[in-house]
Amino acid sequence: MKKLSGRGTARHGHLGATGELGAFRFSWILILLLQELSCAAAEGSDVVNPCCDYPCQNSGVCVRFGAERYECDCTGTGFHGDNCTTPEFWTGVHHLLKPCPDTVHYILTHFHWLWDFINNSFLRDVLMRLVLNIRSNLIPSPPTFNSKYEYLSWESYYNLSYYTRLLPPVPEDCPTPMGTKGKRSLPDAKVLVERFLRRETFRPDPQGANLMFAFFAQHFTHQFFKTHHRMGPAFTRALSHGVDAGHIYGDNLERQLQLRLHKDGKLKYQVLGGEVYPPLVSEVPIRMSYPSDMPAQQRLAIGQEVFGLLPGLTMYATLWLREHNRVCDVLKAEHPTWGDEQLFQTARLVIIGETIRIVIEEYVQQLSGYLLRLKFDPSLIFSDQFQYSNRIALEFNLLYHWHPLMPDSFLIDGDEVPYSQFLYNTSVLMHYGVEKLVEGFAHQSAGQIGGGKNIHPRLLNVAELSIRESRELRVQPFNQYRKKFNLKPYTSFYEFTGDEESAKELEELYGDIEALEFYPGLLLEKTRHNAIFGESMVEMGAPFSLKGLLGNPICSPVYWKPSTFGGQVGFDIVNSATLERLVCLNSQRCPYVAFHVPRGNQQETPRKPPTEL
């Protein structure tokens, strides 16, 4: 196919006539005439949509005119020219001085002496503000596309039932599934999963992430990754598109009211062995996803309907239930005149604030591996232009399928628990208790996400489904997303994987590196040195994450003040939140708790619980 540029055109030969001139000359002439009429009626149906070749660079928008012509809209890109490839002066200066992502990552993960100084000076705030702005500005606000339209539309903006999209779908009339490159059919999804993602030997995360991290990732993200499968993978059931603690309180008012105690702002609970756990479905009749043969006494009622799947999820649900009720007690003591509704609503804001702080200062900190100590302080960007809104993107949902984190089995209090006894078994939580689960999960390594061949066989079906859904949604190729996030596109499969054998296999399946799919690209990309995954996952995931967290309304100047959280006492709870406090203030003892396995001489013995606020 001829590569197009600017207002270029592409011309292809007409379809030739078929058949032979034989004894039935009249029939032959009739067939020829019908073919010519068909071609004329199609008005160039053999002409390829020029936008299928992704000619517009640097976030320029391809607009098709007629059958063969296109134009690139370079507005706001900092580039001009037919294909938005010529930088404006200051854009050129910026690109000349800007270090590459790998250089930045190296600096952020080395030179301890430098970061010790920065983390204890005003430079920490300066750099944190820079990180927040640079990362967040990569995500458009308001939202742009959805899976129905390849162009901007009012529907894409206001219809919240759709996931938004960073890049529009691949045009439907392209010659190959990925545009113009690669083969006319994509490799079988099951073959991809079996050959490139199935675990051979468990490979632990070299950054030391543990199962507390792995279960937190799943627990935290399921408040906004809620695909509406009955409507299709383009749709979401999440209404707020962000951190709303809906996984604790339910994603609709009816569910919330069922879960609430309607006294002192608290949530319903049951007491077993002197400790608080979520109530039973028999007492709180809400819809939960449990197998039909699961005993009634094991069916816990939780805000998120799928959290009965794994004891790690029910553990976090229990901790947040206890924390909510604890915060209600603190607020009631401070405000004895407040009623149930105000106590509940204020406690929910406190829980949302605690969640965001733990995510940024501990969870993202662990994920990044940075020596810069991350800080949650919304006031850092109050002087900057920032839109306090968020829409969950389809690409972010796909990106976050981190099933390689899961181990081969689960080690709890000296016992090895296989998947067959772990899945849909809430009795694991009550049998061992929160403290022993925390101890076991905190000491057990999670798997490395990137590099391929590290998904447990029990979870391969989820990866296969992700590939199939991304094809149904016509997600653009991996390299197009590399460009969108200002990363250099890969020129070969070997450059992408760093392994000759896998590069050759991928070349045979896809035919061209420009046809590599988004989700397989993220999981198969070569990992950074001693890192949990490759360059793309970090550079694409961080902007989505930080924009979603800082775009929360509680981070806005209107909300971020003590009165929002019930006065200084509630504000202090938010500003002192840590994973350790979440566990230790809601347990009978304080075990070792972190998002990573113990490092060096890190204290592992039980500690004195932190002081309650």
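So, how was this worked out
- Residues numbered from 1 in each chain as written.
- Predicted model: local features only at pLDDT ≥ 70, side-chain atom pairs only at ≥ 80, totals over all residues.
- Heavy atoms only, no water.
- Helix = DSSP H or I, 4+ residues; strand = E, 2+ residues; numbered from the N terminus.
- Rg over C-alpha atoms; globule rule 2.2 N^0.38 Å.
- Buried < 20%, exposed > 50% of the residue type's maximum accessible area, 1.4 Å probe, protein only.
- Contact = heavy atoms within 4.5 Å.
- Lys, Arg positive; Asp, Glu negative; His and termini not counted.
- Charge placed at Lys NZ, Arg CZ, Asp CG, Glu CD.
- Phe/Tyr/Trp six-rings, centres within 6.5 Å; stacked < 30°, edge-to-face > 60°.
- Lys NZ or Arg CZ within 6 Å of the ring centre and 35° of its normal.
- Core = buried A, V, L, I, M, F, W, Y, C linked by side-chain atoms within 4.5 Å.
- Pairing = 2+ DSSP bridges.
- Salt bridge = Lys/Arg side-chain N within 4 Å of Asp/Glu carboxyl O.
- Polar contact = N/O pair within 3.5 Å; in protein donor to acceptor, adjacent residues only side chain to side chain.
- Disulfide = S-S within 2.5 Å.
- Patch = residues over 30% accessible without salt bridge, like charges linked within 9 Å, V, L, I, M, F, W, Y side chains within 5 Å.
- Areas by Shrake-Rupley, 256 points an atom, 1.4 Å probe, with all protein chains shown as cover.
- pLDDT = per-residue confidence, 0-100.
- Axes fitted to C-alpha atoms, helices over the stretch in contact; angles between N-to-C directions.
- Parallel < 35°, antiparallel > 145°, perpendicular 65-115°, else oblique.
- Nonpolar A, V, L, I, M, F, W, Y, C, P; charged D, E, K, R; others polar.

(A) Looking closely at the overall build of the protein. When you go through the protein residue by residue, the secondary structure sums to 24 helices and eight strands. Expected size for 613 residues packed as a compact globule is a radius of gyration near 25 Å; at 27 Å, the protein falls within 12% of this value. Along the three orthogonal principal directions, the C-alpha set of the protein runs to about 95 × 60 × 50 Å. Within the span of the protein, comprising 613 residues, buried residues form 54% of the whole. Summarising the internal contacts of the protein: among those between residues at least 6 apart in sequence, 69% fall at separations of at least 24. Charge-centre separation for the protein: the mean point of 59 positive side chains lies 2 Å from the mean point of 66 negative side chains.

(B) Focus on unusual backbone geometry. Across the junction of Ser141 and Pro142, the peptide omega takes the value 5°, indicating a cis bond. The topology assignment puts Pro142 in the loop between helix H5 (123-136) and helix H6 (154-158). Despite not being glycine, Tyr54 shows a phi value in the positive range, around 45°. Positionally, Tyr54 belongs in the loop between helix H1 (25-42) and strand S1 (61-65). Looking at Tyr54, the relative accessible area reads 13%, which means it is buried. Phi is positive for His262, which is not a glycine, with a value near 60°. Along the chain, the position of His262 falls in the loop between helix H10 (253-259) and strand S5 (270-272). In this structure His262 comes out as partly exposed when scored by relative accessible area, which is 44%.

(C) Structural view of the packing of aromatic side chains. Scanning the entire structure with this criterion turns up 41 aromatic pairs. With 5.0 Å between their ring centres and 70° between their planes, Trp560 and Phe571 make a pair best called edge-to-face. With Trp560 in the loop between helix H22 (535-550) and helix H23 (568-575) and Phe571 in helix H23, the pair connects residues that are 11 residues apart, well separated along the chain. Each ring, one from Phe565 and one from Phe571, has its centre 5.6 Å from the other, and the planes form 10°; the classification is stacked. For the pair formed by Phe565 and Phe571, the shared burial category is buried. Looking at Arg260, its charged tip hangs above the ring of Phe344, at a distance of 4.0 Å from the centre.

(D) Structural context of the nonpolar core. In terms of nonpolar packing, the biggest core is built from 156 residues, with Met212, Tyr363 and Trp402 touching the most fellow members. Those residues within four positions of Met212 in sequence are excluded, and the remaining contacts are Met315, Tyr316, Val438, Phe441, Ala442, Leu579, Val583, Val593, Ala594 and Phe595. Judged by nonpolar contacts, the second largest core, of seven residues, contains Cys51, Cys56, Cys74 and Cys84.

(E) Representation of the pairing of S1 in the model. Two strands pair when backbone bridges link them, and S1 and strand S2 (residues 69-73) are joined in this way by five bridges, in the antiparallel orientation. Paired with Cys62 across the bridge in S2 is Cys72.

(F) Focus on the pattern of salt bridges. Under the criterion given, the structure shown has 34 salt bridges. Residues Asp102 and Arg528 are paired through a salt bridge, measuring 3.1 Å at the closest nitrogen-oxygen approach. Here the residue Asp102 occupies a position in helix H3 (residues 101-108), and Arg528 occupies one in the loop between helix H21 (518-524) and H22, the gap between them amounting to 426 residues. We classify Asp102 as partly exposed; its relative accessible area is 40%. Taking the relative accessible area as the measure of exposure, Arg528 reaches 9% and is therefore buried. Taken together, the shared-partner salt bridges connect Asp102, Arg135, Arg482, Glu525, Arg528, Glu535 and Glu539 into one network.

(G) Up close: helix H8 (residues 211-221). Extensive coverage of H8 is indicated by the burial of 11 of its 11 residues. Burial in H8 covers these residues: Leu211, Met212, Phe213, Ala214, Phe215, Phe216, Ala217, Gln218, His219, Phe220 and Thr221. Capping the start of H8, Asn210 holds a side-chain oxygen 3.1 Å from the backbone nitrogen of Met212, two or three residues further along.

(H) A look at the state of the cysteines. Per the counting criterion, the structure on display carries five disulfides. Disulfide partner of Cys56: Cys72, at an S-S distance of 2.0 Å. With the S-S bond torsion at -90°, the cross-link from Cys56 to Cys72 turns out left-handed. Here Cys56 is found in the loop between H1 and S1, whereas its partner Cys72 is found in strand S2, with 16 residues between them in sequence. You can call Cys72 buried: its relative accessible area is 14%. Covalently, Cys74 is tied to Cys84 through a disulfide, its sulfur atoms 2.0 Å apart. The sign of the -90° torsion about the S-S bond sets the Cys74-Cys84 disulfide as left-handed. Separated by 10 residues along the polypeptide, Cys74 in the loop between S2 and strand S3 (79-80) and Cys84 in the loop between S3 and strand S4 (86-87) bring together distant segments of the chain. By relative accessible area, which is 0% here, Cys84 ends up buried. In the protein, the cysteines engaged in disulfides, taken in order along the sequence, are linked 1-4, 2-8, 3-5, 6-7, 9-10.

(I) Broad picture of a nonpolar patch on the surface. Together, Tyr106, Ile107, Phe111 and Trp113 give the surface a local cluster of nonpolar side chains, amounting to about 460 Å² of exposed area. Within the secondary structure layout, Phe111 lies in the loop between H3 and helix H4 (112-119).

(J) Local environment of the environment of Ser409. Mapped onto the fold, Ser409 is located in the loop between helix H13 (394-399) and strand S7 (410-412). Sequence-wise, Ser409 and Leu372 are 37 residues apart; in three dimensions their C-alpha atoms are separated by 34 Å. One polar contact links Ser409 to Glu416, side chain to side chain, over a distance of 2.7 Å.

(K) Structural context of the side chain of Gln298. Relative to the elements of secondary structure, Gln298 occurs in the loop between strand S6 (275-277) and helix H11 (311-334). Among residues more than four places away in sequence, those in contact with Gln298 are Tyr290, Asn425, Thr426 and Ser427.

(L) Quick peek at the confidence of the model for the protein. Put simply, the protein has an average pLDDT of 91, and 91% of its residues get 70 or more. Per-residue pLDDT stays below 50 along residues 1-44; that stretch engages in 42 contacts with residues further than four places along the chain or on separate chains.

(M) Summary view of the packing of H5 against H22. Axis separation between H5 and H22 bottoms out at 8 Å; the angle between their running directions is 105°. By the angle between their axes, H5 is roughly perpendicular relative to H22. Between H5 and H22, the residues in contact are Val131, Leu132, Arg135 and Ser136 and Val538, Glu539, Ala542, Pro543, Leu546, Lys547 and Leu550, respectively. A breakdown of the residues in the contact of H5 with H22 according to their chemical character gives seven nonpolar, one polar and three charged.

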